Amino acid sequence: MSLALAPERVQRLLDYIALLAKWNRVYSLTAIRAPARMVTHHLLDSLAILPLIEGARIADVGSGAGLPGIPLAIARPGLEVTLIESSQKKAAFLVQAKAELGLANVTVERRRVEAWVPHIPFDGVVSRAFAALPEFLRLAGHLVRSGGQVLAMKGEYPVEELGGIPPGYRLERVAALGVPGLEAARHVVLLRKEAGPGG
């Protein structure tokens, strides 16, 4: 994947997977049970978008078990990552993971994304299996600054969803993601939020 990560970053990523596997036995945070499959289907899948991330502050919308936000925060400690999750049990895991892994660059917000307005808009928002693209933009578009980046992670090339992009967003490209060990199509839709009448 051409990612140069320091050994301590790799270890922390593995610590995250171990913590996720431990909590998953009780709280069913993810359908994938085997840690080895978590590495390919969750960890590497999340890290595949790392080279595409711009700016210093991103929001992970509908973060769930912290994907892709926690792997991105571990791999790039200079990146401020806010994890937005409305489920109490999932948010509890995110708070615990932040504490146990010592992630000073992570903030957890337990709330519904559409009801939250941050003090400062983010440079970018990301989502993984959160909602169809038009719905994602409707619910979370207000989080990103004018000129900011939206990254929506998808499986197959989302032909139908691309036809529903609302005004105010410019499609930059749909990039195919190569994830080692994952025998499935993976794509990310990259959009740019355009300046509206108010800014």
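All of these numbers come straight from a predicted model, not from anything done at the bench.

(A) Structural view of the overall build of the protein chain. The helix and strand inventory of the protein chain stands at 6 helices and 7 strands. Listing each helix as α and each strand as β along the protein chain from the N terminus yields α-α-β-α-β-α-β-β-α-β-α-β-β. Taken over the C-alpha trace, the protein chain has a radius of gyration of 16 Å; the compact-globule value for 199 residues is 16 Å, and the two agree within 12%. For the C-alpha atoms alone, the extent of the protein chain along its principal axes is close to 45 × 35 × 30 Å. Going through the 199 residues of the protein chain one by one, you find that 49% of them count as buried. Summing over all exposed atoms, the protein chain offers an accessible surface of approximately 9300 Å²; the carbon and sulfur share of this is 53%. In the protein chain, which carries 23 positive and 18 negative side-chain charges, the distance between the mean positions of the two groups comes to 5 Å.

(B) Local environment of the packing of aromatic side chains. On inspection of all chains with the given rule, the structure shows 4 aromatic pairs. Plain terms: the ring middles of W116 and F122 are 6.1 Å apart, the flat faces sit at 55° to each other, and that makes the pair tilted. Note on W116: relative accessible area 11%, which makes it buried. Relative to F136, the ring of F130 lies with its centre 6.0 Å away and its plane at 75°, an arrangement referred to as edge-to-face. Here F136 falls in the buried class, since its relative accessible area comes to 1%. Just above the ring of F122 sits the side chain of R57; from NZ or CZ to the centre is 4.4 Å.

(C) Representation of the pattern of salt bridges within the structure. The tally for this structure, following the rule as stated, stands at 11 salt bridges. With a closest N to O distance of 3.2 Å, E172 and R170 form a salt bridge. The partly exposed category is assigned to E172, whose relative accessible area is 37%. We classify R170 as partly exposed; its relative accessible area is 37%. One continuous salt-bridge network, built from bridges that share partners, spans E54, R170, E172, R192 and E194.

(D) Highlighting unusual backbone geometry. Here L67 and P68 are connected by a cis peptide whose omega angle stands at 5°. If you trace the backbone, P68 turns up in the loop between β1 (57-61) and α3 (69-75).

(E) Quick peek at the pairing of β1. The buried count for β1 comes to 4 of 5 residues, which makes it a mostly enclosed element. As paired elements, β1 and strand β2 (residues 80-84) share 5 bridges and run parallel to each other. Among the inter-strand pairings, R57 is bridged to a residue of β2, identified as E80. Where the polypeptide runs from β1 across α3 and back to β2, its parallel neighbour, the crossover connection is right-handed. In this structure, β1 lies alongside strand β4 (residues 122-128), joined through 4 bridges in parallel fashion. From the neighbouring strand, A59 faces β4, where its bridge partner is V125.

Cut-offs and rules
Residues numbered from 1 in each chain as written. Predicted model: local features only at pLDDT ≥ 70, side-chain atom pairs only at ≥ 80, totals over all residues. Heavy atoms only, no water. Helix = DSSP H or I, 4+ residues; strand = E, 2+ residues; numbered from the N terminus. Rg over C-alpha atoms; globule rule 2.2 N^0.38 Å. Buried < 20%, exposed > 50% of the residue type's maximum accessible area, 1.4 Å probe, protein only. Areas by Shrake-Rupley, 256 points an atom, 1.4 Å probe, with all protein chains shown as cover. Lys, Arg positive; Asp, Glu negative; His and termini not counted. Charge placed at Lys NZ, Arg CZ, Asp CG, Glu CD. Phe/Tyr/Trp six-rings, centres within 6.5 Å; stacked < 30°, edge-to-face > 60°. Lys NZ or Arg CZ within 6 Å of the ring centre and 35° of its normal. Salt bridge = Lys/Arg side-chain N within 4 Å of Asp/Glu carboxyl O. Pairing = 2+ DSSP bridges. Right-handed = clockwise from strand over helix to strand, strands pointing away.

Read these as spatial facts, not as claims about activity.
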